[in-house]
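As a plain string of letters, each chain reads:
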Amino acid sequence: MSSPLLQKDTQYTIDDYISWDDEVRYELINGVAYALSSPNHKHQRITRRLSTVLDTFLKGKPCELFFAPSDVKLDEHTVIQPDLFVVCDKTKLDGQFTNGAPDFVIEILSPETARKDLLVKHNKYLEAKVREYWIIDPEGETIDVFHLDNENFVNTEHKRKEKVAVKVLFDCVIDMSEIFVEL
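Residues numbered from 1 in each chain as written. Predicted model: local features only at pLDDT ≥ 70, side-chain atom pairs only at ≥ 80, totals over all residues. Heavy atoms only, no water.

A. Structural context of the nonpolar core. Within the largest apolar cluster, 25 residues are counted, with the highest numbers of intra-cluster contacts made by Phe104, Ile106, Trp134, Ile136, Leu169, Ile174 and Met176. Taken together, the elements giving at least two residues each to this core come down to α2 (41-58), β6 (84-87), β8 (104-108), β9 (132-137), β10 (142-149) and α4 (176-180). Residues in contact with Met176, not counting those within four places in the same chain, are Trp134, Ile136, Ile143, Lys159, Arg160, Glu162 and Val164. Counting 18 residues, the second largest nonpolar core, distinct from the first, contains Ile80, Phe85, Leu109 and Ile135. (Core = buried A, V, L, I, M, F, W, Y, C linked by side-chain atoms within 4.5 Å. Buried < 20%, exposed > 50% of the residue type's maximum accessible area, 1.4 Å probe, protein only. Helix = DSSP H or I, 4+ residues; strand = E, 2+ residues; numbered from the N terminus. Contact = heavy atoms within 4.5 Å.)

B. Quick look at the pattern of salt bridges. Applying the stated criterion across every chain yields a total of 14 salt bridges. Put simply, Glu139 and Lys42 hold a salt bridge, and the shortest N to O gap is 3.2 Å. Taken together, the positions of Glu139 in the loop between β9 and β10 and Lys42 in helix α2 put the pair 97 residues apart, joining distant regions of the chain. Take Lys42: its relative accessible area is 27%, and that puts it in the partly exposed class. Between Asp55 and Lys59 there is a salt bridge, with its nearest N and O atoms 3.6 Å apart. For Lys59, a relative accessible area of 58% puts it in the exposed group. When salt bridges with common partners are traced through the structure, they connect Glu27, Glu107, Lys116, Asp117 and Lys121 into a single cluster. (Salt bridge = Lys/Arg side-chain N within 4 Å of Asp/Glu carboxyl O.)

Right, dumping it as structure tokens:
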């Protein structure tokens, strides 16, 4: 299947998304298609280190870790590919999509995606009621943690040398100095 010629002012659906060629990766947010670029080496190192820590922590537990490219369908006009995410309700997994909000999402900023991650996806995660959402800035070496409290995100900021608790994963604490080392 060939890549779609995406129109700027066109609203796309999940059916459109499914028909697109996998050789070009997209996210679909509120019907708008966003092309995804390859992450840089800092991004990859952070992803690898976090996935190792989380995967080790989750062994033998009911929750499962996934990472991009893996599709999360939030509604008929939104399919996202978070950098890392954890799902504790296995009924949300259908073999192709995670249907509904993951319990924990991590987005790692890059110059090409920062605006979308900080604004568009942030609002979508709040609307979908993601229980915990982290935004990691490799350049500033900071972590913004958004924890769902009632209907709003409560934000705390952390630095590279801190140990950060994952509130939705009881007893999971990540030493960020090990994640940011030698980027």
